[in-house]
4 protein chains.
Amino acid sequence: MSINLKRARTIIRKALEKGRELELKPLSVVVLDAGGHVIAFEREDMAAPGRFAIAHGKAYGAVMLGMAGTAQMARAEAQAYFMAAVNGVYGGQVIPVPGGVLVRDKKGTIVGAVGVTGDTSDNDAIAAQTGVEAVGMTAEI
Amino acid sequence: MSINLKRARTIIRKALEKGRELELKPLSVVVLDAGGHVIAFEREDMAAPGRFAIAHGKAYGAVMLGMAGTAQMARAEAQAYFMAAVNGVYGGQVIPVPGGVLVRDKKGTIVGAVGVTGDTSDNDAIAAQTGVEAVGMTAEI
Amino acid sequence: MSINLKRARTIIRKALEKGRELELKPLSVVVLDAGGHVIAFEREDMAAPGRFAIAHGKAYGAVMLGMAGTAQMARAEAQAYFMAAVNGVYGGQVIPVPGGVLVRDKKGTIVGAVGVTGDTSDNDAIAAQTGVEAVGMTAEI
Amino acid sequence: MSINLKRARTIIRKALEKGRELELKPLSVVVLDAGGHVIAFEREDMAAPGRFAIAHGKAYGAVMLGMAGTAQMARAEAQAYFMAAVNGVYGGQVIPVPGGVLVRDKKGTIVGAVGVTGDTSDNDAIAAQTGVEAVGMTAEI
């Protein structure tokens, strides 16, 4: 089961609704497929212009490493030079903090990742998780 | 009048509907603001994975140069080295062909750009134009 | 209300006058629009040749992240790997220290950023703030 | 005799005045020193956001190669691969067309370059030349 465009739209809509419910700052949400390629993205009004790159960096690192944002942050705090080196081989495209969420289907297979940015990293992750669960998939934050 | 997220969604939805009506190949559509930053993007199922970069490159060149895809293509055909050099200063982010459409508000001010990719460049431009006109703005193809 | 060229000139002139009044080292000042694009720049005589990139990096990070230099520096000191990663996704164009000042209009909307470099970061920020306030806008340092 | 900030301001002001006199499209003007580093830049209201990079690319190529835009264009038309290779070694920062003007002092020494963009390349060069001559220097277009 993959993330098709219809599911990606639902993930984004539900993540943004969660942001409004929790009164978070304006959010930006990207959904990537299992190859790390963009399926869909939305940036809420009043979000900073550069938010695509941050959302993308959170999700891209998750899917490319098969490691969600929380685990990436732990690794960055333990071994900053390692995550810096990882960024070297991935062209500087990885943002190793929460808000980059791995998406697994019912068999546990990674089918993509969601990246959320705009509020605190932990709140970003909550919004992402809400979106993923709305399509019956599992979020690894 | 700027392109807010609501208008960007409508542009994408109408561009994709036009693609289905004309039985085009799966399309990908990006909407950028007046500074060339991504507001929203969608890639239809079965489109090739790398379509974000192509859609983005069409729209990005349009907004950064203030010149739509058709005019960019004419310049590239007349002076290939010029468009190659332009791409150098813009980090290789410009795709100078139709499907990159400038969006003007009712006063004629450029408020962003739309990039469509997936079918022929000319059909991509038709889909983009349809989306732009659906929000009462003017498309310069 | 946006930063037009006339206002950008005033911001630069007043920032440089403040530098002379405080007897700061030669300053360089850039003004960016809400999309992070250069409107105007000036480098005083005897400033080091590479000052454009530093001034630009301070202002660019501010506008792209919607976060002024002081807040960026706090984040860099708390989580160095995060600001390093942010720089990766923004092409190494961010200088996360004071002197990168967000510009808000009377409604509080971010309309651009000013970057000043040449003296201490704190003095750079004072010069930037003086320039911004001279056009009736609000500086977030 | 070098291009100090006062002269750079005059060059820009006179180039922009020439543009208004000839009813050219909105112009952007950069002044570089003999090392290819930015002294000053201005972008007129309504110019496309990406104009700094184009103006800079015209002037940078001129000063780095010691060859004005017209001569660069002739070389690009005769030997496109050569100018492409030049761009490789200069990090893709060269736009080899008219509008990139070398500035010589009274002894004939190159003291910098001016880059103008916004109208046709030939009109851009006229505006640049007008600015340079206003400070008693010689423009090689």
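Scroll up to find the structure this text is about.
It should be emphasised that the depicted structure is a prediction, and the values quoted were computed from it without experimental measurement.

Conventions and cut-offs
Residues numbered from 1 in each chain as written. Chains lettered and ligands numbered in written order. Predicted model: local features only at pLDDT ≥ 70, side-chain atom pairs only at ≥ 80, totals over all residues. Heavy atoms only, no water. Contact = heavy atoms within 4.5 Å. Buried area = accessible area lost by both parts, 1.4 Å probe. Salt bridge = Lys/Arg side-chain N within 4 Å of Asp/Glu carboxyl O. Polar contact = N/O pair within 3.5 Å; in protein donor to acceptor, adjacent residues only side chain to side chain. Pairing = 2+ DSSP bridges. Helix = DSSP H or I, 4+ residues; strand = E, 2+ residues; numbered from the N terminus. Axes fitted to C-alpha atoms, helices over the stretch in contact; angles between N-to-C directions. Least-squares fit on C-alpha atoms with pLDDT ≥ 70 in both. Buried < 20%, exposed > 50% of the residue type's maximum accessible area, 1.4 Å probe, protein only.

S.K.: Can you lay out the interface of chain C and chain A for me, pointing to particular residues and giving the numbers?
M.R.: Every contact between the two is made by 15 residues of chain C and, on the other side, 19 residues of chain A. Three residues, C:Y81, C:A85 and C:V89, lead the burial of chain C against chain A; their summed loss comes to 44% of the area buried on that side. Here chain C and chain A share 0 salt bridges between them. If you look at where chain C meets chain A, you find 5 residue pairs in polar contact (both at pLDDT 80 or more).

S.K.: Could you give an account of the sheet that holds strand β5 (residues 138-140) of chain A, naming the residues involved and the relevant values?
M.R.: Hydrogen bonds between backbone groups are what pair the strands of a sheet, and the pairing can be parallel or antiparallel. On the basis of which strands lie adjacent, the open sheet formed by 10 strands has the order β5(A)-β3(A)-β4(A)-β1(A)-β2(A)-β2(B)-β1(B)-β4(B)-β3(B)-β5(B) and antiparallel pairing. Looking at the sheet topology across the chains shown, the edges are occupied by β5 of chain A together with β5 (138-140) of chain B. Averaged over all adjacent pairs, the angle separating strand axes in this sheet is 20 degrees, with direction ignored. In the sheet, strand β3 (residues 100-104) of chain B pairs with β5(B) via 3 bridges, with the strands oriented antiparallel. Bridging from a neighbouring strand, B:L102 pairs with B:E140 of β5(B). Against the sheet, helix α1 (residues 5-21) of chain A contacts β1 (28-33), β2 (38-43) and β4 (110-117) of chain A together with β2 (38-43) of chain B, and its axis sits at roughly 25 degrees relative to β2(A). Most of the contacts of helix α2 (residues 51-65) of chain B go to strand β4 (residues 110-117) of chain B, to which it runs at about 150 degrees, and overall it touches β2 of chain A together with β1 (28-33), β2, β3 and β4 of chain B.

S.K.: Residue-level account of the relation of the copies chain A and chain B, with values.
M.R.: For the pair chain A and chain B, the superposition axis carries a translation of 0.0 Å, the fit reaches an RMSD of 0.1 Å, and the rotation angle comes to 180 degrees. The symmetry that links the two subunits is that of a two-fold axis. Within chain A, the C-alpha atom positioned nearest to the axis of rotation is that of A:F41, 2.5 Å from it. A share of 100% of the interface residues of chain A reappears at the interface of chain B, consistent with the copies meeting face to face through the same patch.

S.K.: Any details on the interface of chain A and chain B? Residues and values, ideally.
M.R.: Across the boundary between the two partners, chain A contributes 16 residues, which contact 16 residues of chain B. For the pair chain A and chain B, the two sides together bury roughly 1,500 Å², of which 50% comes from carbon and sulfur. Among the residues chain A hides against chain B, the three largest losses belong to A:L5, A:E42 and A:R43. Together they make up 32% of the total. Across the chain A-chain B interface, the total number found is 4 salt bridges. A salt bridge links A:D33 to B:R43; its shortest N-O distance comes to 2.8 Å. Inspection of the chain A/chain B interface yields 13 residue pairs in polar contact (both at pLDDT 80 or more). Residue assignment for the side of chain A that touches chain B shows that the elements contributing at least two residues are α1 and β2 of chain A. Counting residues per element, the side of chain A that touches chain B draws most heavily on β2(A), which supplies 6 residues.

S.K.: Break down the pairing of strand β3 (residues 100-104) of chain D for me, with residues and values.
M.R.: Residues and elements named next belong to chain D. By the criterion of burial, β3 is predominantly enclosed, with 4 of the 5 residues buried. Pairing of β3 with strand β4 (residues 110-117), which is carried by 5 bridges, proceeds in the antiparallel orientation. Across the sheet, R104 pairs through a bridge with I110, a residue of β4. Counted along the chain from β3 to the antiparallel partner β4, the turn is 5 residues long, and its residue G108 has a positive phi close to 95 degrees.

S.K.: Which residues make up unusual backbone geometry, and what values do they have?
M.R.: Phi angles above zero are rare outside glycine, and A:M46 is one such case at about 80 degrees. Tracing the backbone shows A:M46 in the loop between β2 and α2 (51-65). For A:M46, a relative accessible area of 64% gives the class exposed. Backbone geometry places D:E23, a non-glycine residue, at a positive phi of 55 degrees. Within the secondary structure layout, D:E23 lies in the loop between α1 (5-21) and β1 (28-33).

S.K.: I'd like a description of the pattern of salt bridges, backed by residues and values.
M.R.: Summed over all chains, the structure comprises 32 salt bridges over all chains. Of the charged contacts, one joins C:E21 and C:K18 as a salt bridge, the two residues approaching to 3.4 Å between their closest N and O atoms. Here C:E21 pairs with C:K18, and both are found in helix α1 (residues 5-21), just 3 residues apart, close to one helical turn. A cluster of three or more residues bridged by salt bridges with shared partners is formed by A:R13, A:K14 and A:E17.

S.K.: Go over the sheet that holds strand β4 (residues 110-117) of chain C, please, and point to the residues and values.
M.R.: Spatial strand order, β5(C)-β3(C)-β4(C)-β1(C)-β2(C)-β2(D)-β1(D)-β4(D)-β3(D)-β5(D): 10 strands in an open sheet with antiparallel pairing. A strand with exactly one partner marks an edge of an open sheet, and here the two such strands are β5 (138-140) of chain C together with β5 (138-140) of chain D. Averaged over all neighbouring strand pairs, the angle between strand axes comes to 20 degrees, with direction disregarded. Where helix α5 (residues 121-133) of chain C meets the sheet, its contacts fall on β3 (100-104), β4 and β5 of chain C, and the angle it forms with β4(C) comes to roughly 140 degrees. Lying on the sheet, helix α5 (residues 121-133) of chain D is in contact with β3, β4 and β5 of chain D; it crosses β4(D) at an angle near 140 degrees.

S.K.: Outline the side chain of C:D124, listing residues and values.
M.R.: All names here are of chain C. Within the secondary structure, D124 sits in helix α5. By relative accessible area, which is 1% here, D124 ends up buried. Beyond its immediate sequence surroundings of up to four residues, D124 is in contact with L27, K58, G99, V116, T117, G118 and D119.

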